[in-house]
Amino acid sequence: MAARYAFLVPGQDAAAEGWNLAGRLLSKRRMGKTIFADLADRTGRIQLYVRKDETGEDGFADWNDLDRGDLIGVRGYVFRSKMGEITLHVISFEVLGKALMPLPDKWHGLVDVEKRYRQRYVDMIVNPDVRDTMIARSRLIAEMRRFIDGYGFYEVETPTLLHVAGGAAARPFETHCNALDQIMQLRIATELNLKRLIVGGLERVYEIGRIFRNEGIDTTHNPEFTMLELYAAYWDVRDMLEFNEALIANLVSVVTGGGSELTYGDAGISFARPFARIAYLEGMSRFSDGKFTRERLLDSNGAAGILRELGLPESPTHGHALDKIFERVVEPHLIAPTFVTDYPVIISPLAKRKAGDSDIVDRYELFCARMEISNAFTELNDPDDQRARFEAQVAERAKGDEEIPEPDWDFVRALEYGMPPTAGIGIGVDRLIMLLTGHQSVRDVLVFPLQRQHG
RNA sequence: GCGCCUUUAGCUCAGUCGGUAGAGCAGCGGCCUUUUAAGCCGUUGGUCCCGGGUUCGAGUCCCGGAGGGCGCACCA
């Protein structure tokens, strides 16, 4: 509207052209026999202008009865006000929906975080940033699909309700299926089912789906969240890394209008390709001034010793210890987008071993702003190796690591029918959206973040 | 789960040393024909998060509880 009527000078109108608009009345300024008001819809906001000499006594009284928050339709023509604002000179209006509840303070808006999350509908009316973020989220996910589809991938939908939730290390939500009279779990990953589809011959599949993990809630964790998982037959982890880098760079380009720089918190982050790369063990060594060597880390007692050196509590398993050490030693340095490659096999139960180094797998994780954004590896397709790793997990689970899932033995059987060499990736969509829209809390990129009942 | 902070009018916030509840906006009644946080005059509105306790007297101090935020723990 502003662009279309840019040619108007203050006081000038375009009365020949009529407009019908609908939206929510966000403010009303009465000035004697004139009213100025602001009308908002999803595309933006426009000022309205009403004159008593045109509406008549009754019509003007009807305007006085309108409240902030009412939904109205208006008819009129555009002019530029004395103060230079493009304004709709209203000829007639009708009420489309009455607001009974008053809107929050027009200047301070709604600030109370609890109320904002619990009453998102109000939050979105008065805080345009929330709406903008949700629109950006929608656009970015659409762009992800477009980009992925361009590579010939098929989008699929696998079950959320499972008998055994596997494919990741996390505690599941449990529920009960009345028809089957069986305990069910909500999925903690889409991994195993997507790989079954690879066995079945789809060759390039992905799912952007809701994942549920029955764990803590904080600024980077919501119990239900959205994950993109994607698998490509005949790709290896290097192909996936290239794809991953191109995907992220593309999204940054979309969000910046062709650029490669983002500001996140107080850090400026460059997504110019190529992103940084560092091997897992090399990172451990570099950020510990060479103290934490491959030999120590890959040895169960050595890792336990490092934990003590760092003053961290004892870990139930060797893998758990490595995660803790990495988190403390390396993660804080990973602000620019960085691919951490060559993970140890002990923390990668579903990844294929690297040729020529049986302790290491073909895997990487992409970190950015200290957040893990994606995790990818060449998938293990040897059923015997997979069975052995599941058996090892059973032992770990017995030692007390509750996050380790029960093995999905049918998955081993699927592998026995033959799975092509395949690379897979998981991307935490919510965190990616946080990064791309500059938000510090997942709750800000979720329409309805989980809150405790009763408030 | 632990620690710190927080909760007062529809919204945003004050409330001193413990003395009986305030402002702005919104609402309501007026004035005002180019305002935009419009302005001016008047006015309504309170489970001070909940429950105990101390005190002549508690929004204020103490204990317990609830919601929320942040940090830690947990956790891709």
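Provided above is the structure to which this section pertains.
What counts, and at which threshold
Residues numbered from 1 in each chain as written. Chains lettered and ligands numbered in written order. Predicted model: local features only at pLDDT ≥ 70, side-chain atom pairs only at ≥ 80, totals over all residues. Heavy atoms only, no water. Helix = DSSP H or I, 4+ residues; strand = E, 2+ residues; numbered from the N terminus. Buried < 20%, exposed > 50% of the residue type's maximum accessible area, 1.4 Å probe, protein only. Contact = heavy atoms within 4.5 Å. Lys, Arg positive; Asp, Glu negative; His and termini not counted. Charge placed at Lys NZ, Arg CZ, Asp CG, Glu CD. Near = heavy atom within 4 Å. Polar contact = N/O pair within 3.5 Å; in protein donor to acceptor, adjacent residues only side chain to side chain. Axes fitted to C-alpha atoms, helices over the stretch in contact; angles between N-to-C directions. Left-handed = near helix turned anticlockwise from the far one by under 90°. Nonpolar A, V, L, I, M, F, W, Y, C, P; charged D, E, K, R; others polar. Pairing = 2+ DSSP bridges. Phe/Tyr/Trp six-rings, centres within 6.5 Å; stacked < 30°, edge-to-face > 60°. Lys NZ or Arg CZ within 6 Å of the ring centre and 35° of its normal. Salt bridge = Lys/Arg side-chain N within 4 Å of Asp/Glu carboxyl O.

**Observations concerning the overall build of chain A**
Okay, so step 1: Helix and strand content of chain A: 13 helices and 20 strands.
Okay, so step 2: Over its C-alpha atoms, taken along the principal directions, chain A stretches across nearly 85 × 55 × 45 Å.
Okay, so step 3: A total of 455 residues make up chain A; the buried ones form 48% of that total.
Okay, so step 4: Contacts in chain A between residues at least 24 apart in sequence constitute 62% of all its contacts with a sequence separation of at least 6.
Okay, so step 5: The distance from the centre of the 55 positive side-chain charges to the centre of the 69 negative ones in chain A is 6 Å.

**Brief notes about the protein's contact with RNA strand B**
Okay, so step 1: Residues in close proximity to RNA strand B total 48 residues, the closest being Lys106, Glu114, Ala169, Asn375 and Arg452.
Okay, so step 2: Taken together, the sugar and phosphate atoms account for 57% of what RNA strand B places within 4 Å of the protein.
Okay, so step 3: Gly32 is positioned with one of its backbone polar atoms (N or O) 2.9 Å from a base nitrogen of RNA strand B.
Okay, so step 4: Contact between RNA strand B and Glu372: a base nitrogen at 2.6 Å from a side-chain N or O atom of the residue.
Okay, so step 5: The set of elements that each furnish at least two residues to the surface near RNA strand B consists of strand S1 (13–31), strand S2 (34–41), strand S3 (44–51), helix H2 (113–118), helix H10 (318–329) and strand S19 (371–378).

**Side note on the packing of helix H4 (residues 128–149) against helix H13 (residues 429–437)**
Okay, so step 1: Here H4 crosses H13 at 120°, and the two axes come no closer than 10 Å. Considering how the two elements wind past one another, H4 and H13 form a crossing that is right-handed. In contact with Thr133, Ala136, Arg137, Leu140, Ile141 and Met144 of H4, H13 contributes Val429, Asp430, Leu432, Ile433, Leu436 and Thr437.
Okay, so step 2: Across the contact of H4 with H13, the residue classes tally to 8 nonpolar, 2 polar and 2 charged.

**Focus: the environment of Thr317**
Okay, so step 1: Mapped onto the elements of the fold, Thr317 is located in the loop between helix H9 (300–309) and H10.
Okay, so step 2: For Thr317, a relative accessible area of 6% puts it in the buried group.
Okay, so step 3: The spacing of Thr317 and Glu224 is 93 residues in sequence and 27 Å in space, taken between C-alpha atoms.
Okay, so step 4: Among all residues touching Thr317, those that are not within four sequence positions of it are Glu396 and Asp401.
Okay, so step 5: A distance of 3.0 Å separates the side chain of Thr317 from the backbone nitrogen of His320, its partner in a polar contact.

**Quick look at the sheet that holds strand S4 (residues 71–80)**
Okay, so step 1: Ordered by their spatial adjacency, 5 strands build a closed barrel running S1-S2-S3-S5-S4, and the pairing between neighbours is mixed. Neighbour to neighbour, the strand axes of the sheet diverge by 55° on average, direction disregarded.
Okay, so step 2: Relative to S4, S1 is paired through 8 bridges, and the arrangement is antiparallel. Its bridge partner lying in S4, Gly23 is registered against Ile72.

**Concerning the packing of aromatic side chains**
Two measures describe an aromatic ring pair: the distance that separates the ring centres and the angle between the ring planes.
Okay, so step 1: Under the definition given, this model contains 20 aromatic pairs.
Okay, so step 2: Plain terms: the ring middles of Trp63 and Phe93 are 4.7 Å apart, the flat faces sit at 45° to each other, and that makes the pair tilted. Placement of Trp63 in helix H1 (residues 52–65) and of Phe93 in strand S5 (residues 86–97) is noted, with a sequence separation of 30 residues between them.
Okay, so step 3: Since its relative accessible area comes to 22%, Phe93 is described here as partly exposed.
Okay, so step 4: With centroids separated by 4.7 Å and ring planes inclined at 45°, the aromatic side chains of Tyr280 and Tyr343 adopt a geometry described as tilted. Remark: Tyr343 occurs in the loop between strand S15 (338–341) and strand S16 (353–354) and Tyr280 occurs in helix H7 (residues 280–286); sequence separation between them is 63 residues.
Okay, so step 5: Members of the aromatic cluster, each reached through a chain of ring pairs, are Phe147, Tyr151, Phe153, Trp235 and Phe243.
Okay, so step 6: The positively charged end of Arg204 is found above the aromatic ring belonging to Phe153, 5.8 Å away from the centroid.
Okay, so step 7: Over the ring of Tyr343 we find Arg363, and its NZ or CZ is 4.2 Å from the ring centre.

**A closer look at the pattern of salt bridges**
Okay, so step 1: Under the criterion given, the structure shown has 36 salt bridges.
Okay, so step 2: Arg389 is the partner of Asp385 in a salt bridge, and the nearest nitrogen-oxygen pair spans 3.1 Å. Of this pair, Asp385 and Arg389 both sit in helix H11 (residues 383–398), 4 residues apart, which is roughly one turn of the helix. Accessibility classification places Asp385 together with Arg389 in one group, the buried group.
Okay, so step 3: Because the salt bridges share partners, they merge into one network encompassing Arg196, Asp408, Asp410 and Arg413.

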